[in-house]
Amino acid sequence: MKPKCVVALGLPDDIIERLATRYDVAAWTGSDAMSQQQLSDALAGAESLLCALSTPVTATIIDQATELKVISTISVGVDHIDMPAATRRGIPVGHTPGVLIDSTADLAVALMLASTRRIAEADQWVREGQWTQGWQSDLLLGTDISQATVGLVGLGPIGEAVAKRLKGFGCKLIGWNRTSRVIEDVEPMALDQVFEQADVVSLHTALTKETRHIASRERLALMRTGATLINTGRGLLVDEQALIDELGSGRLRAGLDVFREEPLPAHHPFLAMKNVLLLPHVGSATLSTRSAMLHRALENLNAGMSDLPLAWCANPEIYHGESKV
Ligand code: DGY
């Protein structure tokens, strides 16, 4: 009998067929994300779980899945998985670092340019038939990224890739990191100073207990009037209500790919605001990046099912036995 593998998200048929050659696959085909009850039911008797950000894997889910040997997420972030619970059970959690740096950095820069040059607003304006006069001297004026100070919050691989791209635009770069990591051409500064001095603040730090609401109400209030906040990391890095207040007053602009709640609920205040650009969490959404992520996730899954160490493991301490109960 083949071991059971739960696939908690829709995947192309050829991937499911490939998995089915080795496993008894229970693949989610619903149009909404799997509910906690559906996930828990599906995991009965399952030894492996292939999942992504839309499926929270809580301690309760992990504790109930008594046969589970490996969790493999198609993401670099693991904040949707209760890592201490998985580690306590000795379950390795595979993730996909390294392959989405460039596509996420590209998207952050695209959001910066689109926000500062009001690209979505201008496109909508043309489609609405408002372009009735020719060239107008004061039409949809934005700001120049080349003259901006850009503040990077998080100088890991994605922050560094964003800095590399921005150097070409000639802007001044300042940055803060949780550790003392320094990047060439990025002037290190205290976190509050980054918010205070930048025309564009871009968030590139992982979501942890310490970084939750790193863009707090107080720090957003420090930002210059007319400045832009870019978030391609995680929604919870930002105090979303505080950002709604700042955007509502017209003081700030924002370009967001991630939100406190995803999908963004209908009637969310952002939807009625022109000074915020909204994307549906597509930082890694290029064909080659998604295929590389999937490749790593499948490799992790197969390794875990063969009792081999995962090549990209988010809780490598389990291999040394320190965290096993
Ligand atoms: C990740 O992998 O964590 C990204 O947010 C998905 O694009």
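Right above here is the structure, for reference.
Quick summary incoming for the structure in this document. (Residues numbered from 1 in each chain as written. Predicted model: local features only at pLDDT ≥ 70, side-chain atom pairs only at ≥ 80, totals over all residues. Heavy atoms only, no water.)

1. Points about the overall build of the protein chain
Put simply, the rule reads: The secondary structure listing takes helices from DSSP runs of H or I that are at least 4 residues long and strands from runs of E that are at least 2 residues long, numbered from the N terminus. The contact criterion used is simple: two residues touch if any of their non-hydrogen atoms lie within 4.5 Å. All accessibility values rest on the Shrake-Rupley procedure with a 1.4 Å probe; residue burial counts only the protein chains present in the view. Here the positive residues are Lys and Arg and the negative ones are Asp and Glu; neither His nor the chain ends is included. The location of each charge is read from NZ of Lys, CZ of Arg, CG of Asp or CD of Glu.
Check the secondary structure of the protein chain and you find 11 helices and 12 strands. Based on the C-alpha atoms only, the size of the protein chain along its principal axes is roughly 70 × 50 × 30 Å. Taking the intrachain contacts of the protein chain between residues at least 6 apart in sequence as the baseline, contacts between residues at least 24 apart amount to 60%. With an accessible surface of roughly 15,900 Å², the protein chain has 52% of that area assigned to carbon and sulfur atoms. Once the 29 positive and 38 negative side-chain charges of the protein chain are each reduced to a mean point, those two points are 2 Å apart.

2. Here's the deal with the pattern of salt bridges
The line we're drawing: We define a salt bridge as a contact between a side-chain nitrogen of Lys or Arg and a carboxyl oxygen of Asp or Glu at a distance within 4 Å. Only protein chains enter the accessibility calculation, which uses a 1.4 Å probe; a residue whose area is less than 20% of its type maximum is buried, one above 50% is exposed, and one in between is partly exposed.
Applying the stated criterion across every chain yields a total of 15 salt bridges. The shortest N-O distance in the salt bridge between Glu121 and Arg118 comes to 2.9 Å. Given the relative accessible area of 17%, Glu121 is considered buried. When the shortest N-O distance is used, the salt bridge between Arg253 and Glu121 registers 3.2 Å. With Arg253 in strand β11 (residues 253–256) and Glu121 in helix α6 (residues 119–127), the pair connects residues that are 132 residues apart, well separated along the chain. In this pair, the class of Arg253 matches that of Glu121, namely buried.

3. Description of the pairing of strand β3 (residues 46–51)
To keep it simple, the criterion reads: For two strands to count as paired, DSSP must find a minimum of two bridges between them.
Burial runs high along β3: five of the six residues are buried. Where strand β1 (residues 4–7) lies against β3, four bridges are found, and the strand directions are parallel. When the sheet's bridge partners are listed, Cys5 is paired in β3 with Ser48. Of the pairings in the sheet, the one linking β3 to strand β4 (residues 70–73) comprises four bridges and is parallel in character. By the bridge assignment, Leu49 is partnered in β4 with Ile71.

4. Here we look at the packing of helix α5 (residues 101–116) against helix α7 (residues 157–167)
Quick reminder of the rule: Under this scheme, a helix contributes an axis fitted over its contacting stretch, all axes are lines through C-alpha atoms, and angles between N-to-C directions fall in the 0 to 180 degree range. By definition in this entry, angles of less than 35 degrees are roughly parallel, angles greater than 145 are roughly antiparallel, angles of 65 to 115 are roughly perpendicular, and the rest are oblique. Note on convention: near helix rotated counterclockwise from far helix by under a right angle means a left-handed crossing. Clockwise means right-handed. Each residue gets one of three labels, nonpolar for Ala, Val, Leu, Ile, Met, Phe, Trp, Tyr, Cys and Pro, charged for Asp, Glu, Lys and Arg, and polar for the others, Gly among them.
Contact geometry for α5 and α7: axes closest at 9 Å, N-to-C directions at 55°. As summarised for this structure, α5 and α7 are arranged oblique, according to the angle between their axes. Considering how the two elements wind past one another, α5 and α7 form a crossing that is right-handed. Contact with α5, carried on its side by Ile101, Asp102, Thr104, Ala105, Asp106, Ala108, Val109 and Met112, involves Pro157, Ile158, Ala161, Val162, Arg165 and Leu166 of α7 and no other residues of that element. Looking at the contact of α5 with α7, its residues break down into 10 nonpolar, one polar and three charged.

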